[in-house]
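# What the coordinates show
Here's the letter readout for the chains.
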Amino acid sequence: MMKMYPLKREKIESNSFFEIDKSFTPIPFTCKSCGETYDESLMKIELNVCPKCQYHYPVTAYDRISMLTDNRSFSEFNKSLISVDPLNFPEYKDKLISDKNKTALNDAVITGEASIGGYPVVLGVMDSRFRMGSMGSAVGEKITRAIEESLKTRKPFILFSASGGARMQEGILSLMQMAKTSVALEQLNYEKILFVSVLTNPTTGGVSASFASLGDINIAEPQALIGFAGRRIIEQTIREELPENFQTSEFLLEHGQLDMVVNRNELKQSLTTILKIHHLNFRECFKR
């Protein structure tokens with residue numbers, strides 16, 4: 001008999017992580033997009049989105065997990081997996097150590113289990129602060145293991161991408177992660193387990209060319225840069241001027257590569273709705 005995860009419903013509430021300490025001293029923050037100045041505390045309340053122009057600033061992996069998942073529901077796994085230096089690439093080890101010290105992360109993706117709106121999921125969140133979110137062997141392995149956990153538990157898999165692409169310091173080994181993660185996702189597809197891919201700014205290179213674009217439902221945040229090669233390289237190759245909004249989430253939505261563009265403050269509700277529809281359909285199919 002096919003194993004099913006239990007149906008739960010839970011009121012969606014903001015996580016306490018984003019409550020502002022009343023003793024906090026306001027720090028001015030000027031939006032680089034519209035030039036408006038706010039207290040930094042307001043940006044925290046707005047989930048790092050400019051209240052005036054809606055420009056979406058980056059958020060850390062743990063902050064994103066906190067704003068999306070139900071309170072205290074996240075449990076991280078494979079945290080100890082780290083990148084090595086298989087090619088003895090100059091200064092690579094030093095850069096890894098530096099990023100670990102700056103970010104308190106072991107690599108560019110966090111994976112684990114959680115619930116969103118009461119529905120259990122396997123979750124992966126990339127963090128662009130660590131080597132620009134680039135995908136090396138450890139990142140590919142952590143994402144693949146998360147997919148395998150989704151296969152084992154039959155929980156939907158949700159992955160947030162924020163990456164500059166494959167990690168050049170690991171050469172062909174980093175490129176192999178594109179194939180490995182894609183093959184693992186094909187197993188999810190074969191087992192009819194939901195995969196939701198959420199693309200954030202930026203999602204480029206080998207990440208956009210592999211798992212980030214393979215969701216059953218592909219969602220992006222507004223104004224996100226999404227593409228494989230850079231704009232200048234493409235223009236030089238095809239010898240044509242590209243549209244001004246080329247490689248933005250809005251352009252890709254218009255041309256059919258994305259299913260939805262969702263503001264950050266609406267993402268949890270949108271994901272909950274998707275999970276609810278998927279769960280109810282799954283139960284109905286199971287009855288048949």
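All values derive from a computational prediction rather than experimental measurement.

Turning our eyes to something else, we now look at the overall build of the chain. The helix and strand inventory of the chain stands at nine helices and ten strands. Out of the 288 residues belonging to the chain, those deemed buried represent 47%. For the chain, the computed accessible surface area is about 14900 Å², with 52% contributed by carbon and sulfur atoms.

Okay, the nonpolar core next. Counting residues in each nonpolar core, the largest one holds 55 residues, and the members touching the most others are F157, I158, F160 and F211. With six residues, strand 5 (residues 119–126) is the largest single contributor of residues to this core. In contact with F160, other than residues within four places in its own chain, are R64, L68, L123, G124, V125, M126, V198, T200, L267 and L271. In terms of nonpolar packing, the next biggest core, distinct from the first, is built from six residues, C31, Y38, C50 and Y55 among them.

When two helices pack together, you describe them by how their axes are tilted relative to each other and by the distance separating the axes. Contact pair helix 4 (residues 137–153) / helix 5 (residues 171–190): the axes reach a minimum separation of 9 Å and the direction vectors enclose 10°. Taken together, the axis directions place helix 4 and helix 5 in an arrangement best described as roughly parallel. Counting all contacts with helix 4, which are made through S137, G140, E141, I143, T144, I147, S150 and L151, the residues of helix 5 involved are L173, Q177, K180, T181, A184, L185, Q187 and L188. Across the contact of helix 4 with helix 5, the residue classes break down as seven nonpolar, seven polar and two charged.

Checked against the element boundaries, S249 lands in helix 8 (residues 249–254). In terms of polar contacts, S249 uses its side chain to reach the backbone amide nitrogen of Q223, at 3.1 Å. Sequence-distant contacts of S249, defined by excluding residues within four places in its chain, comprise A220, E221, P222, Q223, A224, I226, L258 and V261.

When you tally the buried positions in strand 6 (residues 157–163), you get seven out of seven residues, the bulk of the element. Alternating residues of strand 6 divide into F157, L159, S161 and S163 and I158, F160 and A162, and every residue in both groups is buried. Sheet topology note: the strand 5/strand 6 ladder contains four bridges and is parallel. Bridge pairing in strand 6 places L123 opposite I158. Note on the crossover from strand 5 through helix 4 to strand 6: the handedness is right-handed. Examined bridge by bridge, strand 6 and strand 7 (residues 195–204) share six bridges and lie parallel to one another. Looking across to strand 7, one finds that S161 is bridged to L199.

Residue P202 follows N201 across a cis peptide bond; omega there is -5°. Mapping P202 onto the fold places it in strand 7. In the Ramachandran plot, E91 falls in the positive-phi region, its phi being about 70° despite a non-glycine side chain. Unusually for a residue other than glycine, R154 sits at a positive phi of about 65°. Mapped onto the elements of the fold, R154 is located in the loop between helix 4 and strand 6. Of the residues examined, R154 reaches a relative accessible area of 13% and is grouped as buried.

Cut-offs and rules
Residues numbered from 1 in each chain as written. Predicted model: local features only at pLDDT ≥ 70, side-chain atom pairs only at ≥ 80, totals over all residues. Heavy atoms only, no water. Helix = DSSP H or I, 4+ residues; strand = E, 2+ residues; numbered from the N terminus. Buried < 20%, exposed > 50% of the residue type's maximum accessible area, 1.4 Å probe, protein only. Areas by Shrake-Rupley, 256 points an atom, 1.4 Å probe, with all protein chains shown as cover. Core = buried A, V, L, I, M, F, W, Y, C linked by side-chain atoms within 4.5 Å. Contact = heavy atoms within 4.5 Å. Axes fitted to C-alpha atoms, helices over the stretch in contact; angles between N-to-C directions. Parallel < 35°, antiparallel > 145°, perpendicular 65-115°, else oblique. Nonpolar A, V, L, I, M, F, W, Y, C, P; charged D, E, K, R; others polar. Polar contact = N/O pair within 3.5 Å; in protein donor to acceptor, adjacent residues only side chain to side chain. Pairing = 2+ DSSP bridges. Right-handed = clockwise from strand over helix to strand, strands pointing away.

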